Amino acid sequence: MSQPLLDMRHVSISYDGETVVRDVSLQMNPGEILGIVGESGSGKSTLLRSVMGLLGSGGSVTGGEIFYKGQNITHRKGEEARKLRGPGMGMIFQNTGAALCPVRTVGDQLCECVREHTDMGREEIRGQAKELLGKLGLSDGDRILDSYPFELSGGMSQRAGILMAMILKPDLLLADEPTSALDVTVQKQAVREMMRMRDLYGTGIVVVTHNIGVVEYMADKIAVMYQGKLVEYGDAGTVIRSPQDPYTRKLTDAVLRVRRRQA
């Protein structure tokens, strides 16, 4: 059996001494899609940020270990953590606008990001970026790349963030509510493009969302978080069809499924 791409063992996370995630164990293999669902404040995004080493001030992993391709990355910071990002791990943030520098164009930031990890030239980077933006439903790639973040709508800014995370074809893509700022049509395009990356490049994906309908469509495995704890975890079909925890049953019952009336 292949080595796990991501292996979280009994992970606990605290902010300023207060435990917000307790004893979470998850594992995924290369090319798998893991969906993490739960309501706001359940610890989903915190768990994702711990993998990237982006817990911020006051946040730390206080128990357990996180392994990426067999390497213990639990406490990697600074330059060690930066080297893992890009072709290794990419992240789509829930609020891309806040993650981008407001005084530099999207294209400049994208080129800087790619050049940190490859020797691609500016025109090659822009060409690949415009191709990917087209797949996300945006035909005016030059305008977007030459825009400052504040000149873009929320939906366009989010797709720019998806572009920056995906352009280096990372082995592991971490997506924090990647479709929350997008309308329904564009949500579908973004989800399909992420799944296409898995099919073409074997990218493993962890998608965090409160929308269990998204993970029902995407995921091979589902993890359900509630109040900082993992309450259910397993094969996606089994979790959806036969949930064991009352909270999971509540989530699955809330998924809107519209059936056409028979004449």
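The following paragraphs examine the structure supplied in this document. (Residues numbered from 1 in each chain as written. Predicted model: local features only at pLDDT ≥ 70, side-chain atom pairs only at ≥ 80, totals over all residues. Heavy atoms only, no water.)

As for the packing of helix H4 (residues 106–115) against helix H5 (residues 122–135)
To be explicit about the condition: To get an axis, a line is fitted to the C-alpha atoms, and for a helix only the part in contact is used. The angle between two axes follows their N-to-C directions and goes from 0 to 180 degrees. Only DSSP runs of H or I covering at least 4 residues are called helices, and only runs of E covering at least 2 are called strands; the numbering of each starts at the N terminus. Any angle from 65 to 115 degrees is called roughly perpendicular, while one under 35 is roughly parallel, one over 145 is roughly antiparallel, and all others are oblique. By the definition used in this description, the sense in which the near helix is turned from the far one sets the handedness, with an anticlockwise turn below a right angle giving left-handed and a clockwise turn giving right-handed. Contacts between residues were defined by any pair of non-hydrogen atoms, one from each residue, lying within 4.5 Å.
At their nearest, the axes of H4 and H5 sit 10 Å apart, and the two run at 110° to each other. Relative to H5, the element H4 is oriented roughly perpendicular. H4 and H5 meet at a crossing whose hand is right-handed. Taken together, the residues of H5 that come into contact with H4 (itself represented by Asp108, Leu110, Cys111, Val114 and Arg115) are Arg122, Ile125 and Ala129.

A closer look at the sheet that holds strand S3 (residues 33–37)
The condition that has to hold: Criterion used throughout: strands pair if DSSP finds at least two bridges between them.
Spatially, 6 strands are ordered S6-S7-S8-S3-S9-S10 in an open sheet, and the strand pairing comes out mixed. Each of the sheet's edge strands pairs with one partner strand only, and the pair in question is strand S6 (89–92) and strand S10 (229–235). Going from strand to strand, the sheet's axes swing by 15° on average, the running direction of each strand aside. As paired elements, strand S7 (residues 172–176) and strand S8 (residues 204–209) share 5 bridges and run parallel to each other. Each residue of the ladder has a partner; that of alanine 175, found in S8, is valine 207. Helix H1 (residues 44–52) contacts S3, S6, S7, S8 and strand S9 (221–226) of the sheet and is inclined by roughly 145° relative to S7.

Here we look at the packing of aromatic side chains
Definition in use: Each pair of aromatic rings taken from Phe, Tyr and Trp, with Trp reduced to its six-membered ring, is defined by centres within 6.5 Å and is described as stacked if the planes are under 30 degrees apart, edge-to-face if over 60, and tilted in the remaining cases. Three labels apply to residues, based on accessible area from a 1.4 Å probe with only protein chains included: buried if under 20% of the type maximum, exposed if over 50%, partly exposed otherwise in between. Note on geometry: a ring has a charge over it if NZ (lysine) or CZ (arginine) is within 6 Å of the ring centre and within 35 degrees of the ring normal.
A complete count under the given rule lists 2 aromatic pairs for this structure. Between tyrosine 226 and tyrosine 247, the ring centres sit 4.5 Å apart and the planes meet at 35°, which makes this aromatic pair tilted. With tyrosine 226 in strand S9 and tyrosine 247 in helix H11 (residues 246–253), this pair connects stretches of sequence that are 21 residues apart. Tyrosine 226 gets classed as partly exposed once you look at its relative accessible area, which sits at 31%. The exposure class assigned to tyrosine 247 is buried, which follows from its relative accessible area of 8%. The ring of phenylalanine 67 has arginine 9 sitting right over it, with the charged end atom 4.1 Å from the ring centre.

What about the sheet that holds strand S4 (residues 59–68)?
Adjacent strands of a sheet pair through backbone hydrogen bonds, lying either parallel or antiparallel. Pairing in this open sheet of 4 strands is antiparallel, and the strands run S2-S1-S4-S5 from one edge to the other. For this open sheet the edge positions go to strand S2 (18–28) and strand S5 (71–72), each flanked by a neighbour on one side alone. Sheet contacts for H1: strand S1 (6–15), S2 and S4; angle to S1, the most-contacted strand, approximately 110°.

Here's the deal with the environment of leucine 230
For leucine 230, the location among the structural elements is in strand S10. According to the relative accessible area criterion, leucine 230 is partly exposed, its value standing at 25%. In this structure, the C-alpha to C-alpha distance between leucine 230 and cysteine 111, residues 119 residues apart in sequence, is 38 Å. Residues within four places of leucine 230 in sequence aside, it is in contact with Val24, Ser25, Leu26, Ala223, Val224 and Met225.

What to know about the side chain of arginine 126
Structurally, the position occupied by arginine 126 is in helix H5. Discounting residues that sit within four places of it in the chain, arginine 126 has contacts with Asp142, Leu145 and Asp146.

As for H5
Let me state the cut-off plainly: One less than the number of residues in a helix, times 1.5 Å, gives the span that helix is expected to have. It is the directions from the helix axis to the C-beta atoms that the arc portrays.
Its 14 residues place the ends of H5 20 Å apart at the C-alpha level, agreeing with the 20 Å of an ideal helix rising 1.5 Å per residue. Every buried residue of H5 is listed here: Ile125, Arg126, Ala129, Leu132 and Leu133. The arc that holds every buried residue of H5, seen down its axis, measures 130°, which confines them to one face. Here the buried face of H5 lies against H4, helix H6 (141–145), helix H7 (154–166) and helix H8 (184–201). Once H5 ends, the next one or two residues include glycine 137, with phi positive near 90°.

Notes on the nonpolar core
What counts here: Think of a nonpolar core as a cluster: buried Ala, Val, Leu, Ile, Met, Phe, Trp, Tyr and Cys residues, connected wherever their side-chain atoms sit within 4.5 Å.
Leu110, Leu163, Ile167, Met194, Met218 and Ile222 are the most contacted members of the largest nonpolar core, which has 50 residues in total. Looking at this core, the element that brings in the most residues is H7, giving 7 residues. If sequence neighbours within four positions are ignored, methionine 218 has contacts with Ile33, Val191, Met194, Met195 and Val207. Core analysis: the second largest hydrophobic core is formed by 29 residues, Leu6, Met28, Met89 and Val206 among them.

Some details on the pairing of S2
In the sheet, S1 pairs with S2 via 7 bridges, with the strands oriented antiparallel. Note on S2: the bridge partner recorded for serine 14 is threonine 19. In sequence, S1 turns back onto S2 through a hairpin of 2 residues, with aspartate 16 there showing a positive phi of about 50°.

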